[in-house]
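# Structure at a glance
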Amino acid sequence: MEFHVTRILPKRGGVILKNKQKLAEINNRIEEIIKAANTLSANYSSRTEKVHPLYRENALNLIHYLAFRCFDIDELQEKLRMSGLPDLAHIEGHVMKSLLGLKTIINHLTGNPKIEKQEGIISIKKSEKLLHKNTRQMFGFKSKKRRTRIMVTMPALAATDYKLVHGLIKLGMNSARINCAHDNPEVWGKMISNIDRANKALKKNCRVMMDLAGPKIRTGPVVSGPKVIHIKPERDLTGNVIKPAKLWIAPPGTPAPDKTFDAVLPVTESLMQKIRRGSTLWFTDSRNKKCKISIERKQKKGSWGICSDSAYISSGTELEVNTERETGKEKCHVGELLPAEQYITLFKGDKLILTRDQLPGEPGRYDDKGKVIVPAHISCTLPEIFDSVKKNDPVFFDDGKIEGVIEEIMKRAVLVNIVNAGEKGSRLKADKGINLPKSNLTVSGLTDKDREDLEFVAMNADTVNLSFVNDENDVQELLDKLDKYGTRLGIILKIETQKGFGNLPLILLKAMQSYPVGVMIARGDLAIETGWKNFASIQEEILRICEAAHVPDIWATQVLETLVKSGVPTRSEITDAALAQRAECVMLNKGMYINETVKMLDKILKRMQYFQKKKETVLPRLADADKLKLSHDAFDV
């Protein structure tokens, strides 16, 4: 950083003296920070010397940044702004260079034209180059006209639907995320084959990133419900049908050609040969209500039908075929349906028994007066946590939708008092997350499943995503396992606990012994673990720490979630997606409208580049400002 100082101090003696005193105070504080930064870097030299050679300068800058943040920077920034000096607001990537540059300015203003220098520090220009280089190594080359990468979680369909994968890469997907918590190596291998095939066809380099499931704490199974489907046509406020329910009718295992349907009816192949467009299927539902399904058209091995009746259809329900063009009638039965998903409804003040024993969960039982006879119960998939919890520890279920407090510790279970739930009750289903933010859980590191999955990941992925990283020991275990396979993958550290956030600098220094490294801000669990009121500031701190280390970060969890699930975004989602441009990569979850979501995110990120560069605000030219008018037409993409 070079400075050419032309500012001239006023000649009046009192003003000059006062300005010199202010500058002296600022200079003293800057010197104090520089001294602390050099001391801290000396104290941790044994750690920074162990990092990968490509990360040596990065690690030193990270230490300098942490020293800088040991001071009350707000007060110093205010003095700098009032004196017309740079306020050190965005120095994360080049801490010592900025401090020395500011000291150089003060030197010149006080009549001492000395340029401050120090060997081995990162300039502003080099800081940007380092981050771009590390990002490219992790995520591959950026998309045309877009700096921020897009990562998409692969659905199981990606294993069999090449067009889906090809379309996503063509639309701008830079990284494909495969979650090892779902499916199996055979399915993952087919997904990767489709990604490789699409990469070759499109001449792209979409990276494969595989998530190890980690020690995820979730609710166990709930007792199976009846094998029934509820057909619900859409009605207006007066009860009239405005949109019939759309049904896919086909032999078992026959996938629907599109996903815009309300229910699936499995039937025999012999029935499919007898129904055609215009046929009517008559049936009596489980409430003894006479209903009908009208066949609109046949497609491939199945047919599309519509139903304007609200009906409950069970396995074995008799269907009577009436074809308008023929007088004959045929009968058959609905095939085996999947059990309806059950749940436990919980209200504020309810009790819930969380058990070690893997028994199917059940709702509470009540007497005739509504008094609880037996509280609801559900199991936990990670019984080890019971050794760490204490009375009065908070517990959250299903991304914080249900909040409880541990009221009693029992031999094989804990009794939870529900302190917050929906006004009309909240549904707790199987396989929903459990968070214990205040409990000192000893569960961390690689699970048995992770160790099994890692062999496949090490041989097939570009990057391994390490879930629930709590401390540097978790990282060391992963590094040791990768050494065993003789490979050095890219490593993404998923920060999703209070402990992981607190240990982030040490976690990074350990991970930086490998190259390249990135950080995923797993905002779902992290928000619950750290508390809703704290999460926004914690998210900012992670972005800053990553920038100080020149490590790319991923903005993850529920980005454009409503759009990807329903096809229509919310206003708050658009704002969140725009803010995501400050990260090097944005992760999307799978959903029915994933193609449309990738298109939307691509446009948002391209447009936001005109206004935001990382955390720095950009001020592009407003074409009609001289006419006192505002226009953003020039920024359309």
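Scroll up to find the structure.
My aim in this report is to walk through the structure given alongside it, one point at a time. What you are looking at is a predicted structure, and each value in this text was computed from that prediction instead of being measured.

### As for the packing of aromatic side chains
In the structure shown here, the tally under the stated rule is five aromatic pairs. Ring centres 6.2 Å apart and planes at 40° place the aromatic pair Tyr65 and Phe68 in the tilted group. Highlighted residues: Tyr65 and Phe68, both in helix 3 (residues 56-68), separated by three residues, approximately one helical turn. Using a relative accessible area of 3% as the deciding quantity, one classes Tyr65 as buried. An aromatic cluster of three or more residues is present, and its members are Trp248, Phe261 and Trp304. Looking at Arg197, its charged tip hangs above the ring of Tyr162, at a distance of 3.6 Å from the centre.

### Looking at the pattern of salt bridges
When charged atoms on two side chains of opposite charge get close, those side chains can pair. Within this structure, the stated rule accounts for 33 salt bridges. Of the charged contacts, one joins Lys126 and Glu57 as a salt bridge, the two residues approaching to 2.8 Å between their closest N and O atoms. Here Lys126, found in helix 6 (residues 124-139), pairs with Glu57, found in helix 3; they are 69 residues apart in sequence, far enough to count as distant. Its relative accessible area of 34% is what places Lys126 among the partly exposed residues. On the basis of relative accessibility, which here comes to 26%, the residue Glu57 falls in the partly exposed class. Between Arg412 and Asp357 there is a salt bridge, and its shortest N-O distance comes to 2.8 Å.

### A look at the nonpolar core
Counting 108 residues, the largest nonpolar core has Met210, Leu493 and Leu508 as the members making the most contacts within it. Counting residues per element, this core draws most heavily on helix 5 (residues 95-109), at eight residues. Ignoring anything within four residues of it in the chain, the contact list for Leu493 reads Leu466, Val469, Val475, Ile507, Leu508, Ala511, Val517, Gly518, Val519 and Met520. The next biggest cluster of nonpolar side chains, apart from the first, holds 26 residues, and it includes Ala376, Ile385, Val389 and Ile406.

### Concerning the sheet that holds strand 2 (residues 175-179)
With respect to topology, eight strands assemble into a closed barrel ordered 1-2-3-25-26-27-28-29, the strand pairing being parallel. Here the average twist between neighbouring strands, direction ignored, is 25°. Both strand 3 (residues 207-211) and strand 25 (residues 463-466) contribute to a ladder of three bridges, which runs parallel. By the bridge assignment, Met209 is partnered in strand 25 with Thr463.

### Considering unusual backbone geometry
Omega for the peptide link from Tyr515 to Pro516 comes to 0°, which places this bond in the cis form. Even without being glycine, His550 reaches a positive phi, approximately 55°. Although it is not a glycine, Thr557 sits at a positive phi angle of roughly 85°. Topologically, Thr557 is positioned in the loop between strand 28 (553-556) and helix 16 (561-566). What makes Thr557 partly exposed here is its relative accessible area of 21%.

### Details of the packing of helix 17 (residues 571-579) against helix 18 (residues 594-608)
Orientation of helix 17 relative to helix 18, taken along the N-to-C sense of each, is 55°, at an axis distance of 9 Å. As the angle between them shows, helix 17 and helix 18 are arranged oblique. Once helix 17 is placed against helix 18, the crossing between them reads as right-handed. Contacts from Ile574, Ala577 and Ala578 in helix 17 reach Met600, Leu601, Ile604, Leu605 and Met608 in helix 18.

### Comments concerning helix 8 (residues 185-202)
Across its 18 residues, helix 8 extends 25 Å between first and last C-alpha, which sits within 8% of the 26 Å expected from 1.5 Å per residue. Among the residues of helix 8, those classed as buried are Val187, Trp188, Met191, Ile192, Asn194, Ile195, Ala198 and Asn199. Take helix 8 and look down its axis: the buried residues cluster within an arc of 160°, on one side only. Seen from the buried face of helix 8, the exposed residues on the opposite side, beyond 90 degrees, are Glu186, Lys200 and Ala201. Next to the buried residues of helix 8 lie helix 7 (162-171), strand 2, strand 3 and helix 10 (448-460). Near the N-terminus of helix 8, the side chain that reaches the backbone nitrogen of Glu186, with its oxygen 3.0 Å away, is that of Asn184.

### A few points about helix 5
Helix length check: helix 5, at 15 residues, gives a terminal C-alpha distance of 22 Å against a target of 21 Å (1.5 Å per residue), a fit within 8%. Across the 15 residues that make up helix 5, a large majority, 13, are buried. Immediately downstream of helix 5, the backbone of Gly111 shows phi near 85°, a positive value.

### Remarks on the environment of Val414
The topology assignment puts Val414 in strand 22 (residues 413-420). Taking the C-alpha atoms as reference, Val414 lies 13 Å from Glu384; in sequence the two are 30 residues apart. Contact partners of Val414, with chain neighbours within four places excluded, come to Leu352, Ile353, Leu354, Phe386, Val389, Ile406, Glu408 and Ile409.

Procedures and definitions
- Residue positions are given per chain, counted from 1 along the sequence in the order it is written.
- The predicted origin of the model limits local features to residues at a pLDDT of at least 70 and limits the giving and counting of side-chain atom pairs to 80 or more, whereas totals for whole chains, interfaces and linings rest on all residues.
- Hydrogens and water molecules were not included; the side-chain quantities draw on all heavy atoms of the structure.
- Pairing of aromatic rings covers Phe, Tyr and the six-membered ring of Trp, with a centre-to-centre limit of 6.5 Å; geometry is then stacked below 30 degrees between planes, edge-to-face above 60, and tilted otherwise.
- In this text, helices come from DSSP runs of H or I with a minimum length of four residues, and strands from runs of E with a minimum of two, each type numbered from the N-terminal end.
- Using a 1.4 Å probe on the protein chains alone, a residue whose accessible area is under 20% of its type maximum counts as buried, one over 50% counts as exposed, and one in between counts as partly exposed.
- Here, a charge over a ring is recorded when the distance from Lys NZ or Arg CZ to the ring centre is within 6 Å and its angle to the ring normal is within 35 degrees.
- For this analysis, a salt bridge means a side-chain nitrogen from Lys or Arg found within 4 Å of a carboxyl oxygen belonging to Asp or Glu.
- Throughout, nonpolar core names a set of buried Ala, Val, Leu, Ile, Met, Phe, Trp, Tyr and Cys residues whose side chains join them through atoms within 4.5 Å.
- By definition, residues are in contact when any of their heavy atoms lie within 4.5 Å.
- The rule for pairing is simple: two strands pair if DSSP sees at least two bridges between them.
- The axes used here are C-alpha line fits, helices contributing only the stretch in contact, and every angle between their N-to-C directions lies in the interval 0 to 180 degrees.
- The scheme is simple: roughly parallel for angles under 35 degrees, roughly antiparallel for over 145, roughly perpendicular for 65 to 115, oblique for anything else.
- The handedness criterion is simple: a crossing whose near helix is rotated anticlockwise from the far helix by less than a right angle is left-handed, and one whose near helix is rotated clockwise is right-handed.
- How far a helix is expected to stretch is found by multiplying one less than its residue total by 1.5 Å.
- Note: the arc covers the axis-to-C-beta directions of the helix.
- For this analysis, a polar contact is any N or O atom pair within 3.5 Å, provided that within protein one partner can donate a hydrogen and the other can accept it, and provided that sequence-adjacent residues contribute only side-chain to side-chain pairs.

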